[in-house]
Amino acid sequence: MNQVSSYFPALRLRRLRQSSALRSLVSESSLQPSDLIWPIFLREGENIKQPIDSMPGVFRYSVDQALEVAKEALDLGIPAICLFPHTESDKRSADCSEAWNPKNLSNVATRTIKKALPELAIMTDVALDTYSDTGHDGFLVNGEVLNDSTVEALVKQALSQAEAGADIIGPSDMMDGRIGAIREALERAEYDNVMLLSYAAKYASTFYGPFREAVGTYGALNGDKKSYQIDPANSNEALRCVARDLAEGADMVMIKPGMPYLDICRKVKDGFGVPTFAYQVSGEYAMIMAASRNGWLDLEKAMFESLMAFKRAGCDGILTYFALAVAKKMN
Ligand code: PBG
């Protein structure tokens with residue numbers, strides 16, 4: 001960094017802030033609808049838009065309704081959506097086989113939306129939590145979340161998503177070796193253009209609470225995910241995860257949660273120079289919504305400030321439940 005070369009009064013930094021014209025001229029970051037990926041929750045049925053208590057303004061959509069809102073997002077300039085199915089308990093099982101059912105909710109939605117809106121990028125989630133009866137992202141046997149057998153299942157899940165037409169596959173499970181295994185399987189099946197956005201730096205966070213209600217794993221999950229997600233005290237470990245996933249064939253990486261981990265975003269961007277995304281997770285959304293509903297925060301300003309912070313921290317894009325609302329305000 002250069003040293004300050006002059007001193008007050010020659011140097012008056014407030015000169016740069018005196019009007020909105022000047023402020024916009026010297027602004028260092030910008031936020032566009034094209035920076036956003038919008039996560040959408042799915043459920044079975046037709047013509048359903050079901051509210052989620054802990055995430056006011058967020059809904060679970062049946063596939064027909066998901067298509068409608070996906071269209072709206074695309075029209076507003078949002079380039080990608082990310083699908084999360086709420087799986088009914090009768091479709092959850094110990095072997096998680098619904099995860100690679102070509103006709104599961106996520107795959108049906110991918111096919112339907114891709115067919116109607118080919119220009120909209122579709123991201124899907126690879127992890128077993130919404131299909132297991134334990135709420136864990138892998139197979140839980142004798143109190144241990146197994147790594148290698150879980151990776152075999154994740155590969156099947158990823159292939160079924162690629163087959164359905166997903167553009168971006170997002171492994172969010174944090175098993176070791178899954179990026180390499182999925183990349184190899186995609187190449188072998190000639191899905192060589194399918195991208196992997198690895199949830200590389202995913203922390204064992206309490207801020208995922210509302211999401212677990214949204215996808216129906218809240219009651220199921222017994223214990224925590226500390227044996228596979230990163231300890232919030234660590235940052236070197238997150239960088240090792242990113243380096244490893246890039247070496248195994250990830251095209252893009254994600255840091256998750258977002259706001260409490262902006263230091264990690266900056267380190268990843270500076271250290272690797274690859275497309276870097278952050279996930280402003282359900283608990284972050286819920287905090288802002290709760291405070292604004294109490295009249296304690298201005299929702300619109302909080303939404304924009306929180307998203308700009310990700311751009312300043314070096315992120316190329318943000319997964320956020322605010323995507324549609326923000327894009328509407330910008331248009
Ligand atoms: C599951 C998954 C989680 C989220 C995305 N994928 C929850 C978890 O790891 O327990 C959280 C997203 C959010 O909180 O908005 N693999």
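Described in the following lines is the structure provided in the data block. (Residues numbered from 1 in each chain as written. Predicted model: local features only at pLDDT ≥ 70, side-chain atom pairs only at ≥ 80, totals over all residues. Heavy atoms only, no water.)

**Quick notes on the nonpolar core**
So, point 1. Within the largest apolar cluster, 105 residues are counted, with the highest numbers of intra-cluster contacts made by Trp-38, Phe-41, Ile-81, Ile-113, Met-123 and Ile-169.
So, point 2. No other element matches the seven residues that helix H2 (residues 63–75) contributes to this core.
So, point 3. When sequence neighbours within four positions are dropped, the list of residues in contact with Phe-41 reads Ile-52, Met-55, Val-58, Phe-59, Arg-60, Tyr-61, Phe-84, Phe-211, Ala-214, Val-215 and Tyr-321. (Core = buried A, V, L, I, M, F, W, Y, C linked by side-chain atoms within 4.5 Å. Buried < 20%, exposed > 50% of the residue type's maximum accessible area, 1.4 Å probe, protein only. Helix = DSSP H or I, 4+ residues; strand = E, 2+ residues; numbered from the N terminus. Contact = heavy atoms within 4.5 Å.)

**Quick look at the site of the ligand**
So, point 1. Neighbouring the ligand are 18 residues; Lys-202, Arg-212, Lys-256, Ser-282 and Tyr-321 lie closest to it.
So, point 2. Residue Lys-225 places a side-chain N or O atom 2.7 Å away from an oxygen atom belonging to the ligand.
So, point 3. With respect to the ligand, the side chain of Tyr-321 contributes an N or O atom lying 2.6 Å from an oxygen atom.
So, point 4. Class assignment for the residues of the shell around the ligand results in eight nonpolar, three polar and seven charged. (Near = heavy atom within 4 Å. Polar contact = N/O pair within 3.5 Å; in protein donor to acceptor, adjacent residues only side chain to side chain. Nonpolar A, V, L, I, M, F, W, Y, C, P; charged D, E, K, R; others polar.)

**A word on a positive patch on the surface**
So, point 1. Side chains of Arg-12, Arg-14, Arg-15 and Arg-17 sit close together on the surface and give a patch of like positive charge.
So, point 2. Here Arg-17 shows up in the segment before helix H1 (20–25). (Patch = residues over 30% accessible without salt bridge, like charges linked within 9 Å, V, L, I, M, F, W, Y side chains within 5 Å. Areas by Shrake-Rupley, 256 points an atom, 1.4 Å probe, with all protein chains shown as cover. Salt bridge = Lys/Arg side-chain N within 4 Å of Asp/Glu carboxyl O. Lys, Arg positive; Asp, Glu negative; His and termini not counted. Charge placed at Lys NZ, Arg CZ, Asp CG, Glu CD.)

**Some remarks on the pairing of strand E11 (residues 276–280)**
So, point 1. Most of E11 is tucked away: five of the five residues are buried.
So, point 2. With burial as the criterion, each face of E11 is covered, one bearing Thr-276, Ala-278 and Gln-280 and the other bearing Phe-277 and Tyr-279.
So, point 3. Where strand E10 (residues 252–256) meets E11, three bridges bridge the pair, whose relative direction is parallel. Pairing of Met-254 across the sheet is with Phe-277, part of E11.
So, point 4. For the crossover from E10 across helix H8 (residues 262–272) to E11, the handedness is right-handed.
So, point 5. In this structure, E11 lies alongside strand E12 (residues 317–320), joined through four bridges in parallel fashion. Considered in E12, the bridge of Phe-277 is made with Gly-317. (Pairing = 2+ DSSP bridges. Right-handed = clockwise from strand over helix to strand, strands pointing away.)

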